[in-house]
Amino acid sequence: MKRQRFANVWDALEDTPAVAASMTMRSDLLIALRQRIAGWKTTQAEAARRLQVTQPRLNDLLRGRIEKFSLDALIDLADRAHLQVRLRIDKAA
């Protein structure tokens with residue numbers, strides 16, 4: 001069996017480069033949001049209020065349930081958390 005190397009876990013798990021790229025962006029955003037929320041040092045109720053979501057929705061985010069969040073939803077949450085989101089596009093090899 002030949003060993004393969006991947007740039008990240010999503011490249012290994014997903015069927016297409018496009019889906020892997022989307023999942024990479026979603027996971028990067030989810031991690032950044034979790035770090036921002038942890039930095040607030042507040043209750044989940046207060047964090048949910050700041051992000052304008054319900055506590056169960058915030059709990060999904062904090063538990064890393066990435067399948068429950070679209071890229072658009074995560075960008076909206078990042079904006080509410082005062083995070084600046086940028087997209088970098090590289091030429092394919």
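Right, let's walk through the structure included here. Worth saying up front: this structure is predicted, and the values here are computed from it rather than measured.

The subject of this paragraph is helix H4 (residues 55–62). Taken together, the buried positions of H4 are occupied by Leu-58, Asp-60 and Leu-61. Across the axial projection of H4, the buried residues extend over an arc of 155°, all falling on one side. In the core, the buried residues of H4 are packed alongside helix H2 (17–40), helix H3 (44–51) and helix H5 (71–80). A positive phi of about 75° marks Gly-64, the residue just after H4.

This brings us to the side chain of Ser-27. Tracing the backbone through its elements, the reader meets Ser-27 in helix H2. With a relative accessible area of 13%, Ser-27 lands in the buried category. In this structure the side chain of Ser-27 is engaged in a polar contact, spanning 3.0 Å, whose partner is the backbone oxygen of Thr-24.

Another aspect to go through is the pattern of salt bridges. Applying the stated criterion to the full structure yields five salt bridges. The shortest N-O distance in the salt bridge between Glu-46 and Arg-50 comes to 3.5 Å. Placement of both Glu-46 and Arg-50 in helix H3 is noted, with a separation of four residues, approximately one turn of the helix. By relative accessible area, Glu-46 is classed as partly exposed at 23%. Linking Asp-60 and Lys-68 is a salt bridge whose minimum nitrogen-to-oxygen distance equals 3.9 Å. Classification of Lys-68 by relative accessible area gives partly exposed; the value is 43%. Connected through shared salt-bridge partners, Glu-46, Arg-49 and Arg-50 make up one network.

Cut-offs and rules
Residues numbered from 1 in each chain as written. Predicted model: local features only at pLDDT ≥ 70, side-chain atom pairs only at ≥ 80, totals over all residues. Heavy atoms only, no water. Buried < 20%, exposed > 50% of the residue type's maximum accessible area, 1.4 Å probe, protein only. Helix = DSSP H or I, 4+ residues; strand = E, 2+ residues; numbered from the N terminus. Arc of directions from axis to C-beta. Contact = heavy atoms within 4.5 Å. Polar contact = N/O pair within 3.5 Å; in protein donor to acceptor, adjacent residues only side chain to side chain. Salt bridge = Lys/Arg side-chain N within 4 Å of Asp/Glu carboxyl O.

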